[in-house]
Amino acid sequence: TAYGELSTVLCDSVIGTTLGSGQILTPNVYCLGGASVLNGELILDGQGDPGAIFIFKIDGALSTTTLSRITLINGASVCNVYWRINGAVDLGEGASFAGTILAAGAISFLEGASFIGRGLSTEGAISLHNNMVTGLSPVASVITSSGPTTFCAGGSVVLSGNVGGIWSTGATTPTITVTTSGDYFVTNSAPCGS
């Protein structure tokens, strides 16, 4: 559905099929007329607007060269970068890529490539090779107790399960000891929400 929705978005700017080499792009809908490549660094400049949206519609495959990267500056958010690719995607060795990939072909992350975002394919497999992938949505902590959660004055219970979040008490430790009644929770955050 998302791939189809992006297909109907009109182009604001038609650009060449070679991206990067220090190129700076501002929020827009960019269309590339055929198979494309990312060389070196592509800089996405949010111009101070954290809600700025970047959409890339590529009418063919996308490949990135070794060590190529996407850099977000001036408030640009990985949550608002979309790549609609009418073909396969190959992220080169050691490359660093960001955004949501919606591909009509296979997605391959070559050796050591890193990715912040989501990779979705309508017609192909997704393959990984010693990669670092960071999702956009947070993972909820599963909270467990060391004993009964109902106790008398002077009693306590240990709550466990925080992995990288913040307890409602402000603590960041994996466990907390609770001595008073109330609601206790953990807030986990990721680039696109809590």
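Scroll up for the structure.
What you see is a predicted model; the values in this text were computed from it and never measured. (Residues numbered from 1 in each chain as written. Predicted model: local features only at pLDDT ≥ 70, side-chain atom pairs only at ≥ 80, totals over all residues. Heavy atoms only, no water.)

### Topic: the overall build of the protein chain
Helix and strand content of the protein chain: one helix and 21 strands. If one aligns the C-alpha atoms of the protein chain with their principal axes, the spans along those axes are about 70 × 35 × 30 Å. Expressed as a percentage of the 194 residues in the protein chain, the buried residues total 36%. Look at the contacts in the protein chain between residues 6 or more apart in sequence, and 42% of them connect residues 24 or more apart. Roughly 9,700 Å² of accessible area belongs to the protein chain as shown, and the carbon and sulfur atoms make up 55% of that amount. Here the protein chain carries 4 positive and 11 negative side-chain charges, and the mean point of each set is 4 Å from the other. (Helix = DSSP H or I, 4+ residues; strand = E, 2+ residues; numbered from the N terminus. Buried < 20%, exposed > 50% of the residue type's maximum accessible area, 1.4 Å probe, protein only. Contact = heavy atoms within 4.5 Å. Areas by Shrake-Rupley, 256 points an atom, 1.4 Å probe, with all protein chains shown as cover. Lys, Arg positive; Asp, Glu negative; His and termini not counted. Charge placed at Lys NZ, Arg CZ, Asp CG, Glu CD.)

### Here's the deal with the state of the cysteines
Scanning the model with the defined rule gives two disulfides in all. The disulfide that involves C11 links it to C31, with 1.7 Å between the sulfurs. Disulfide C11-C31: the torsion about the S-S bond is -85°, which places it as left-handed. Note that C11 is positioned in the loop between α1 (2-8) and β1 (13-15) and C31 in strand β4 (residues 28-32), a separation of 20 residues in sequence. Using a relative accessible area of 38% as the deciding quantity, one classes C11 as partly exposed. Across a sulfur-sulfur distance of 1.8 Å, C79 and C192 are joined as a disulfide pair. On the S-S bond that ties C79 to C192, the torsion sits near -110°, and the link is left-handed. Of the two residues, C79 is situated in the loop between β9 (69-73) and β10 (81-85) and C192 in the segment after β21 (186-187); the sequence distance between them amounts to 113 residues. Judged by relative accessible area, C79 falls into the buried class, the value being 13%. (Disulfide = S-S within 2.5 Å.)

### What about the sheet that holds strand β13 (residues 107-109)?
Taken in spatial order, the six strands of this open sheet run β2-β5-β8-β11-β13-β15, and their pairing is parallel. On the outer flanks of this sheet lie β2 (18-20) and β15 (126-127), each paired with one strand and no other. Two elements, strand β5 (residues 36-39) and strand β8 (residues 62-64), share three bridges in a ladder whose sense is parallel. Looking across to β8, one finds that V37 is bridged to S63. (Pairing = 2+ DSSP bridges.)

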